[in-house]
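Observations on the model geometry
Residues per chain are reported as follows:
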Amino acid sequence: MSIYGYLNCHDCCQTLWLGKALNHGHSPSACFHIGTENDLPHWARTQLNQVLWKFLAEHTGHGIDVRLEHEMTDEMWGYREIGGDTDEGISFEAYLAGWPGLAAGGSLPEAEPGAAPDTAI
Ligand SMILES: [Zn+2]
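This is a predicted model, so every value here is computed, not measured. (Residues numbered from 1 in each chain as written. Predicted model: local features only at pLDDT ≥ 70, side-chain atom pairs only at ≥ 80, totals over all residues.)

1. Concerning the overall build of the protein
If you tally the helices and strands in the protein, you get three helices and five strands. Counting only residues that meet the buried cut, the protein has 17% of its 121 residues in that class. Put simply, 58% of the contacts in the protein that link residues at least 6 apart link residues at least 24 apart. (Helix = DSSP H or I, 4+ residues; strand = E, 2+ residues; numbered from the N terminus. Buried ≥ 20, exposed ≤ 12 C-beta atoms within 10 Å, placed from the backbone. Contact = placed C-beta atoms within 7 Å.)

2. A few points about helix α1 (residues 46–58)
For α1, which comprises 13 residues, the first-to-last C-alpha distance of 18 Å matches the rise-based estimate of 18 Å (1.5 Å per residue) to within 8%. Along α1, the residues that are buried comprise Leu48, Val51 and Phe55. Along the axis of α1, the buried positions cluster into a sector of 60°, meaning they face one direction only. Its buried side turned inward, α1 meets β1 (4–9), β2 (14–22), β5 (80–82) and α3 (92–96). (Expected span 1.5 Å × (residues − 1). Arc of directions from axis to C-beta.)

Now the structure itself:
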């Protein structure tokens, strides 16, 4: 059975779906993963990195936390969800549309030796 994780901003009533909590012997979780076991880890997927950084920037100074699904309250289930599968939520693509952070800084560096290839979801 999969247990999902959520990054919440309680000031803005928004939640970012983090995917399945994988504990690999750690408690409560070692990492989160969206997709199958064959999909690259989150850090190797550009869109997932961008979504997380946008969420952190937008909610600077706000009350944020990470919770597993059984730790979510009824109120939190009513937050606007980013990346989930509800009709009331917003897709990762729509969330990133027009975000100035996509153009901040220099261009992408060449991949370092041993780095995982970058792919879209
Ligand atoms: Zn916020």
